[in-house]
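Architecture and fold: a report
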Amino acid sequence: MSLYDITARIAKAESAAGRLAGSTKLIAVSKVQPNERVEAVLSQGHRCFGENRVQEAAEKWPGFKEQFSGIDLHLIGPLQTNKARQAIELFNAIHSVDRPKLAKTLARLAQEVGHCPDLFIQVNTGEEEQKAGIMPVDADAFIAECRELDLPVQGLMAIPPVEEEPSLHFALLTKIAERNGLQWLSMGMSGDFEQAIALGATHVRVGSAIFGERVKPAG
Ligand SMILES: *Cc1c(COP(=O)(O)O)cnc(C)c1O
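Every chain is numbered independently, its residues counted from 1 as its sequence is written. Reporting of local features is limited, given that this is a predicted model, to residues whose pLDDT is at least 70; pairs of side-chain atoms are given and counted only at 80 or more, and all residues count toward the totals for whole chains, interfaces and linings. Heavy atoms throughout the structure, all of them, feed into the side-chain values; hydrogens and water do not.

Thoughts on the UniProt feature "modified residue: N6-(pyridoxal phosphate)lysine" (unreviewed entry) in the chain
Which entries qualify depends on this criterion: UniProt positions are given in the numbering used here, feature names are shortened, and annotations may be inferred rather than shown by experiment. Helix and strand assignments come from DSSP, with helices taken as H or I runs of at least 4 residues and strands as E runs of at least 2, each series counted from the N terminus. Burial classes: relative accessible area under 20% of the type maximum marks a residue as buried, over 50% as exposed, and values in between as partly exposed (1.4 Å probe, protein chains only). In what follows, residue pairs with any heavy atoms lying within 4.5 Å of each other are defined as contacts.
On the UniProt side, "modified residue: N6-(pyridoxal phosphate)lysine" (unreviewed entry) is annotated at positions that read K31 here. With respect to the element layout, K31 can be found in the loop between β1 (25–29) and α2 (35–43). Residue class for K31 comes out buried when judged on its relative accessible area of 18%. Aside from chain neighbours lying at most four places away, what touches K31 is G50, E51, N52, E56, K60 and R214.

See the structure below:
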């Protein structure tokens with residue numbers, strides 16, 4: 001697979017779903033990938049990337065931002081409140097807003113910093129204990145709470161349980177977004193992004209299918 005192949009498959013999935021060409025944003029998930037692979041994708045003209053750890057992104061991206069203009073960086077992994085300021089400064093979007101304490105911290109820091117990334121609320125559609133995300137039953141109230149804090153909540157994000165049919169989770173996420181008037185849906189990864197597009201994904205997060213299998217980090 002390659003960036004070219006994935007872009008072609010996205011276009012095909014959009015067309016099959018009767019959606020506008022280009023209505024799905026491809027987030028190339030570069031976590032743990034060697035810099036040469038990331039640079040190759042940048043050199044092909046791609047600018048939208050996803051990272052799941054603030055620390056790793058802070059080490060990797062300032063250098064690339066000096067080399068390439070127009071980089072659009074998305075945080076797709078869990079965010080600790082003590083990293084929130086750094087995340088606001090580094091990322092254009094945060095997909096993992098999942099609890100009141102984090103929402104309040106982001107609201108306060110966004111005031112101080114003077115801007116806020118686009119925000120997605122992560123929903124734990126599979127109600128998995130070990131997984132981040134607000135429970136589906138609490139989602140409406142949490143979205144309202146974020147709006148009261150004046151946070152720029154644009155959409156929802158989910159990572160379906162590995163053993164389950166992802167479409168059921170994508171459909172649930174779509175339903176929660178619709179009833180709350182949210183436009184963006186961050187769902188779909190290497191193995192299921194076409195299904196996600198069929199169900200309305202506006203952002204797909206694709207890593208290994210673009211870059212190859214992740215090389216395990218040392219330690
Ligand atoms: C790693 C990761 C992805 C990409 O996974 P692939 O299967 O490599 O496409 C997508 N979303 C999140 C939240 C991730 O952590």
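Following the structure, the description resumes.
Some thoughts on helix α5 (residues 100–113)
Let me state the cut-off plainly: Take the number of residues in a helix, subtract one, and multiply by 1.5 Å to get its expected span.
The end-to-end C-alpha distance of α5 is 20 Å, a good match for the 20 Å that 14 residues give at a rise of 1.5 Å each. Looking at α5, one finds that the buried residues are L102, A103, T105, L106, A107, L109 and A110. Contact partners of the buried residues in α5: α4 (84–90), β4 (93–97), β5 (118–122) and α6 (136–148). G114 sits one or two positions beyond α5 and adopts a positive phi of about 95°.

Observations concerning α2
An α-helical turn contains 3.6 residues, so a residue and the one three or four places further along point in the same direction. Short version of the rule: The arc in question is formed by the directions pointing from the helix axis toward the C-beta atoms.
Among all positions of α2, only V38, V41 and L42 are buried. An end-on view of α2 places all buried positions within 105° of arc, on one side of the element. Structural note: α2 exposes E36 and S43 on the side pointing more than 90 degrees away from its buried face. Looking at the buried side of α2, the elements it contacts are α1 (3–16), β2 (48–51), α3 (54–67) and α9 (208–211). Phi for G45, located one or two positions after α2, is positive at around 100°.

Considerations on the site of the ligand
The condition is simple: Here a residue is near a molecule or strand as soon as one of its heavy atoms is found within 4 Å of it. Here a polar contact is recorded for every N or O atom pair within 3.5 Å, except that within protein the pair must consist of a potential hydrogen donor and a potential acceptor, and residues adjacent in sequence are included only if both atoms are side-chain atoms. Residue polarity is assigned by list, with Asp, Glu, Lys and Arg as charged and Ala, Val, Leu, Ile, Met, Phe, Trp, Tyr, Cys and Pro as nonpolar; anything else, Gly included, falls into the polar class.
Near the ligand you find V29, K31, I76, I159, M189, S190, R205, V206, G207, S208 and R214, and these make up its full shell. A distance of 2.9 Å separates a nitrogen atom of the ligand from a polar side-chain atom of R205. Here the shell around the ligand is composed, by residue class, of five nonpolar, three polar and three charged.

Some details on the packing of α2 against α3
Here is the rule: Helix axes are fitted to C-alpha atoms over the stretch in contact, other axes to C-alpha atoms as well, and angles between N-to-C directions run from 0 to 180 degrees. Left-handed describes a crossing whose near helix is turned anticlockwise from the far helix by less than a right angle; the clockwise case is right-handed.
Relative to each other, α2 and α3 sit at 35°, their axes nearing to 12 Å. For α2 against α3, the interelement crossing comes out right-handed. Residues N35, V38, E39 and L42 of α2 touch α3, and the partners they reach there are K60, W61, F64 and Q67. A class-by-class count of the residues in the contact of α2 with α3 yields four nonpolar, two polar and two charged.

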